[in-house]
Amino acid sequence: MNQAFDVAELAATYANKSAQDILKLAFSQFGDDLWISFSGAEDVVLVDMAWKLNKNVKVFSLDTGRLHPETYRFIEQVREFYKIDIELISPDQAKLEPFVKEKGLFSFYKDGHGECCGVRKIEPLRRKLSGVSAWATGQRRDQSPGTRSQVAALEIDSAFSTPERTLYKFNPLAQMTSEEVWGYIRMLELPYNSLHERGFISIGCEPCTRPVLPNQHEREGRWWWEEATQKECGLHAGNIISKA
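Since this is a predicted model, take the numbers as computed values, not measurements.

1. Considerations on the packing of aromatic side chains
Any aromatic ring pair is given by two values, namely how distant the centres are and how the planes are angled relative to each other. A complete count under the given rule lists 11 aromatic pairs for this structure. Measuring from ring centre to ring centre gives 5.5 Å for Phe38 and Phe74, while their planes differ by 55 degrees; the resulting arrangement is tilted. One end of the pair, Phe38, is in the loop between β1 (34-37) and α3 (44-53); the other, Phe74, is in helix α4 (residues 69-82), and 36 residues separate them in sequence. Given the relative accessible area of 1%, Phe38 is considered buried.

2. Structural notes on the pattern of salt bridges
Close approach of charged atoms lets side chains of opposite charge pair. Applying the stated criterion across every chain yields a total of 12 salt bridges. Residues Glu87 and Lys128 are paired through a salt bridge, measuring 3.1 Å at the closest nitrogen-oxygen approach. Here Glu87 is found in strand β3 (residues 86-89), whereas its partner Lys128 is found in helix α7 (residues 114-129), with 41 residues between them in sequence. Accessibility expressed as a relative area gives 12% for Lys128, which makes it buried. One network of salt bridges, with partners in common, ties together Glu42, Arg140 and Asp142.

3. What about unusual backbone geometry?
Residues other than glycine seldom take positive phi values, yet Lys83 does so here, at roughly 55 degrees. Structurally, Lys83 can be placed in the loop between α4 and β3. You can call Lys83 exposed: its relative accessible area is 63%. A positive phi angle is found at Glu189, which is not glycine, with a value near 55 degrees. Structurally, Glu189 is set in the loop between α8 (178-188) and α9 (238-241). For Glu189, a relative accessible area of 68% translates into the label exposed.

4. Brief notes about the packing of helix α5 (residues 93-103) against α7
At a minimum axis separation of 11 Å, α5 and α7 run at an interaxial angle of 165 degrees. Comparing the axis directions of α5 and α7 gives the class roughly antiparallel. Regarding α5 and α7, the two cross each other, and that crossing is left-handed. In contact with Lys95, Leu96, Phe99, Val100 and Lys103 of α5, α7 contributes Glu115, Cys116, Val119, Arg120 and Glu123. Partitioned by chemical class, the residues of the contact of α5 with α7 number 5 nonpolar, no polar and 5 charged.

5. Here's the deal with the sheet that holds strand β2 (residues 58-62)
Strand order in the open sheet formed by 6 strands is β3-β2-β1-β4-β6-β5, and the pairing between neighbours is mixed. The open sheet terminates on both sides in strands that have one partner only, identified here as β3 and β5 (154-156). Strand-to-strand twist in this sheet, taken as the mean axis angle between neighbours without regard to direction, amounts to 30 degrees. Of the strands in this sheet, β1, β4 (134-136), β5 and β6 (168-170) touch helix α2 (residues 19-30), which is tilted by about 155 degrees from β6. Helix-sheet contacts for α4 involve β2 and β3, and the interaxial angle to β3 is about 155 degrees.

6. Looking at the UniProt feature "binding site: [4Fe-4S] cluster" (unreviewed entry) in the protein chain
In this structure's numbering, the residues bearing the UniProt feature "binding site: [4Fe-4S] cluster" (unreviewed entry) are Cys116, Cys117, Cys205 and Cys208. In sequence the annotated residues extend across 93 residues, while in space they remain close, none of their C-alpha pairs exceeding 10.9 Å. Of note, Cys116 is situated in helix α7. Non-local contacts of Cys116, meaning those with residues more than four positions away in its chain, are made with Phe99, Phe108 and Lys121. Mapped onto the fold, Cys205 is located in the loop between α8 and α9.

Rules of the game
- Residues numbered from 1 in each chain as written.
- Predicted model: local features only at pLDDT ≥ 70, side-chain atom pairs only at ≥ 80, totals over all residues.
- Heavy atoms only, no water.
- Phe/Tyr/Trp six-rings, centres within 6.5 Å; stacked < 30°, edge-to-face > 60°.
- Helix = DSSP H or I, 4+ residues; strand = E, 2+ residues; numbered from the N terminus.
- Buried < 20%, exposed > 50% of the residue type's maximum accessible area, 1.4 Å probe, protein only.
- Salt bridge = Lys/Arg side-chain N within 4 Å of Asp/Glu carboxyl O.
- Axes fitted to C-alpha atoms, helices over the stretch in contact; angles between N-to-C directions.
- Parallel < 35°, antiparallel > 145°, perpendicular 65-115°, else oblique.
- Left-handed = near helix turned anticlockwise from the far one by under 90°.
- Contact = heavy atoms within 4.5 Å.
- Nonpolar A, V, L, I, M, F, W, Y, C, P; charged D, E, K, R; others polar.
- Pairing = 2+ DSSP bridges.
- UniProt positions renumbered as here; feature names shortened; annotations may be inferred.

Structural data, given as structure tokens:
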């Protein structure tokens, strides 16, 4: 990594730069140490841009064990389309099995999604990122007015950094709109999750995702029984921390 790395200055400089420019910055600073997070939804745009800049791009995805069958098929589609490996990160069975035994499979409808996401998403992600210097996500400001409206092009990951290790987080698609993302997908005829054809916009685990109605915001299809300001699973907890 280039040691002359002023996050605040670069974040300001790149605030209105293109997604490709932000990815070029990420690769110039971290090279093959940069990991791309792929969620099985519109993140294919991020993967496409990164792959065109670096054919050795490293991609990972969280396999919670509760994804839609269509999402698993889509992950394989993308793997085959770009001829890349997509590392699937699974929950720790030593933590998952006691949780399911005690709480069952649908406890989140009664006591919130935090605990389930903690076991199925946050712990596996923390385990993955513990050996990573930088990662890039497909977060966009228009995805969630309650938690993502201030997403920066580049930041220190306050949720997963440790006192011993600073983790850098790039959000190249931050200022892209859903319309722009889908324009990119259609123009280049990229693969996409077939659930999008059935009214799903923001896609997560099967029990916590539903199609949205006309004129509903995409995030209303996620954890619909909870407050809008809490609609983060913890993967991007820094969005909430920074607003506190």
